[in-house]
Amino acid sequence: MVNGIYYTTADVKRIFGWSSNNTIHLKRASGFLPPPDLEGRPNKWLKSKIDAMVSAPNSTQNNDS
């Protein structure tokens, strides 16, 4: 497995400013966050997918704090 191509759950929370794992579940249920590319503890998302979400022109960070 190549290191450095995935963001972990903690990374995703930090990027979007979310403080809890519950927010991850809510954002997945709402369709804002795609399912992880690698299930587990922690889940892992491809960096390219998350980076595209962050850099999208209409992107909002949807903070829960």
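Here the structure is shown first, and the text comes after it.
Residues numbered from 1 in each chain as written. Predicted model: local features only at pLDDT ≥ 70, side-chain atom pairs only at ≥ 80, totals over all residues. Heavy atoms only, no water.

Help me get a handle on the packing of helix α1 (residues 9-16) against helix α3 (residues 47-55), residues and values and all.
In contact at an axis separation of 12 Å, α1 and α3 are set at 10° when each is read in the N-to-C sense. What the angle tells us is that α1 and α3 run roughly parallel. Contacts between α1 and α3 pair V12, I15 and F16 from the former with I50, M53 and V54 from the latter. Of the residues assigned to the contact of α1 with α3, the class counts are six nonpolar, no polar and no charged. (Axes fitted to C-alpha atoms, helices over the stretch in contact; angles between N-to-C directions. Helix = DSSP H or I, 4+ residues; strand = E, 2+ residues; numbered from the N terminus. Parallel < 35°, antiparallel > 145°, perpendicular 65-115°, else oblique. Contact = heavy atoms within 4.5 Å. Nonpolar A, V, L, I, M, F, W, Y, C, P; charged D, E, K, R; others polar.)

For the packing of aromatic side chains, give the residues involved together with the corresponding values.
Following the criterion strictly, the structure yields three aromatic pairs and no others. Aromatic side chains F16 and W18 sit 4.8 Å apart centroid to centroid with 15° between the ring planes, which places their arrangement in the stacked category. The pair F16 / W18 is uniform in exposure class, with both members buried. Between F16 and F32 the ring centres are 5.5 Å apart and the planes differ by 80°, which places this aromatic pair in the edge-to-face class. On the criterion of sequence distance, the pair formed by F16 in helix α1 and F32 in the loop between α2 (21-30) and β2 (44-46) is long-range, its members being 16 residues apart. Taking relative accessible area as the criterion, F16 reaches 0% and is therefore assigned buried. A relative accessible area of 24% means that F32 is categorised as partly exposed. (Phe/Tyr/Trp six-rings, centres within 6.5 Å; stacked < 30°, edge-to-face > 60°. Buried < 20%, exposed > 50% of the residue type's maximum accessible area, 1.4 Å probe, protein only.)

Give a detailed account of α2, specifying residues and quantitative values.
Among the residues of α2, those classed as buried are T23, I24 and K27. Summarising the axial view, the buried residues of α2 lie within an arc of 105°, below the 170-degree limit, and thus occupy one face. Residues of α2 that are exposed and point over 90 degrees away from its buried face: L26 and A29. Those residues of α2 hidden inside the fold are in contact with α1 and β2. (Arc of directions from axis to C-beta.)

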